[in-house]
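What follows is each chain in one-letter form.
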Amino acid sequence: MRAENTKARAFVGYVLAGGGSTRFGRDKALVELDGAPMLLRMRALLGAVTKEVNVIAAPHKYSELGIMGISDRWDGQGPLAGIITALLTTKGTGGEAEWNLIIGCDMPFLTREWLVYLVQRAQASSAEVVTPQSAQGLEPLCSCWRASAAAKLQQAFEGGTRKITQAMKPLQMEIIDEADWKRFDTVGRLFWNMNTAADYEEAKRIVEAQRA
């Protein structure tokens, strides 16, 4: 399926950018990679495969990038809160969108080809979440979520759960294993994220080496 057809099915894209970046030492969304801030890179990537892209963050936090964020309903409570906020936002619009492609803002090696495939899998799925699984476990910050999953996730959240994979357990899941996603990632970086300043330096080194 071509990306243009994917967009026509009205997936909504969300970038989660509301975290505190405490381990990183500065705002990960603003650090530049290959000449562009990570948030703009991630938004452009989602824009290639979804009809609409939103950013979960304080409304004016990234105004210098020309981005108006959507406030996290539970600010400071971690990425699960951001996911629920995204799903509730989609439900609240009353539009035709059923699926949401949600990614973190610190995954420099995601590719358009992989995201197109992920969206295709979701379109053909009856699950509530379609998520890849790597050697590190499920990868919920690069997954497709039905808007209708918000209620179960919110119930878990309000019961004290903050770990995304724990909150996912009541959901009907379709898991994409390595046999399917590895063809989009021959060197093992697809779900790599930048948790520390050292990770960022490594990402810059890899990108520069790829350009050489």
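Residues numbered from 1 in each chain as written. Predicted model: local features only at pLDDT ≥ 70, side-chain atom pairs only at ≥ 80, totals over all residues. Heavy atoms only, no water.

**Quick word on the layout of surface pockets**
A water-sized probe, rolled over the atoms, reveals where empty space remains. Worth spelling out the cut-off: Of the grid points, spaced at 1 Å and generated over the protein atoms alone, those admitting a 1.4 Å probe that cannot get out make up cavities, while open sets with protein on both sides within 12 Å along at least five of seven lines make up pockets; any residue with an atom within 4 Å of a point is treated as lining. Grid points are joined across faces, edges and corners, and a volume is the space filled by probe spheres set on the points. We count a stretch as a helix when DSSP gives it H or I for four or more residues in a row; a strand needs E for two or more, and each element gets its number in order from the N terminus. Classification convention: Asp, Glu, Lys, Arg as charged; Ala, Val, Leu, Ile, Met, Phe, Trp, Tyr, Cys, Pro as nonpolar; all other residues, Gly among them, as polar.
In this structure, the largest pocket encloses a volume near 1000 Å³. If you go around the largest pocket, you meet 43 residues; those closest to its centre are Lys 28, Asp 106, Leu 141, Asn 193 and Asn 195. Among the elements of the structure, α3 (79–93) and β7 (137–138) are those that each provide at least two residues to the lining of the largest pocket. When the residues that make up the lining of the largest pocket are grouped by side-chain class, the tally is 17 nonpolar, 16 polar and 10 charged.

**Some words on the pattern of salt bridges**
Here is the rule we go by: Every case where a carboxyl oxygen of Asp or Glu lies within 4 Å of a side-chain nitrogen of Lys or Arg is listed as a salt bridge. Exposed residues in this analysis have more than 50% of their type's maximum accessible area, buried residues have under 20%, and partly exposed residues fall in between, with area computed by a 1.4 Å probe over protein chains only.
Tallied over the full model, the rule gives eight salt bridges. The shortest N-O distance in the salt bridge between Glu 174 and Arg 121 comes to 2.9 Å. Separated by 53 residues along the polypeptide, Glu 174 in strand β9 (residues 173–176) and Arg 121 in helix α4 (residues 112–123) bring together distant segments of the chain. Taking the relative accessible area as the measure of exposure, Glu 174 reaches 21% and is therefore partly exposed. Taking the shortest distance from any N to any O, the salt bridge between Asp 180 and Arg 121 comes out at 3.2 Å. Taken together, the residues Asp 180 in helix α7 (residues 178–181) and Arg 121 in helix α4 connect sequence positions 59 residues apart. One continuous salt-bridge network, built from bridges that share partners, spans Arg 121, Glu 174 and Asp 180.

**Points about helix α5 (residues 150–158)**
The test is simple: The directions from the helix axis to the C-beta atoms form the arc being described. Two residues form a contact once any of their heavy atoms are found within 4.5 Å.
Every buried residue of α5 is accounted for by Ala 150, Leu 153, Ala 156 and Phe 157. End-on view of α5: buried residues confined to an arc of 130 degrees, all on one side of the axis. In this structure, α5 carries Gln 155 and Glu 158 as exposed residues pointing more than 90 degrees from its buried face. Those residues of α5 that are buried lie in contact with α3, β8 (142–146) and α6 (164–167). Immediately beyond the C-terminal end of α5, within one or two residues, lies Gly 160, with a positive phi of roughly 105 degrees.

**A closer look at the side chain of Glu 128**
For the record, the criterion: Counted as a polar contact is a pair of N or O atoms within 3.5 Å, where, for protein atoms, one must be capable of donating a hydrogen and the other of accepting one, and residues adjacent in sequence contribute only when both atoms are in side chains.
When you line up the elements, Glu 128 lands in the loop between α4 and β6 (129–134). The class of Glu 128 is buried, set by a relative accessible area of 11%. For Glu 128, the side chain forms a polar contact with the side chain of Lys 152, separated by 3.1 Å. Not counting residues up to four positions away in its chain, the partners in contact with Glu 128 are Trp 99, Cys 144, Trp 145, Arg 146, Ala 149, Lys 152, Pro 170, Leu 171 and Gln 172.

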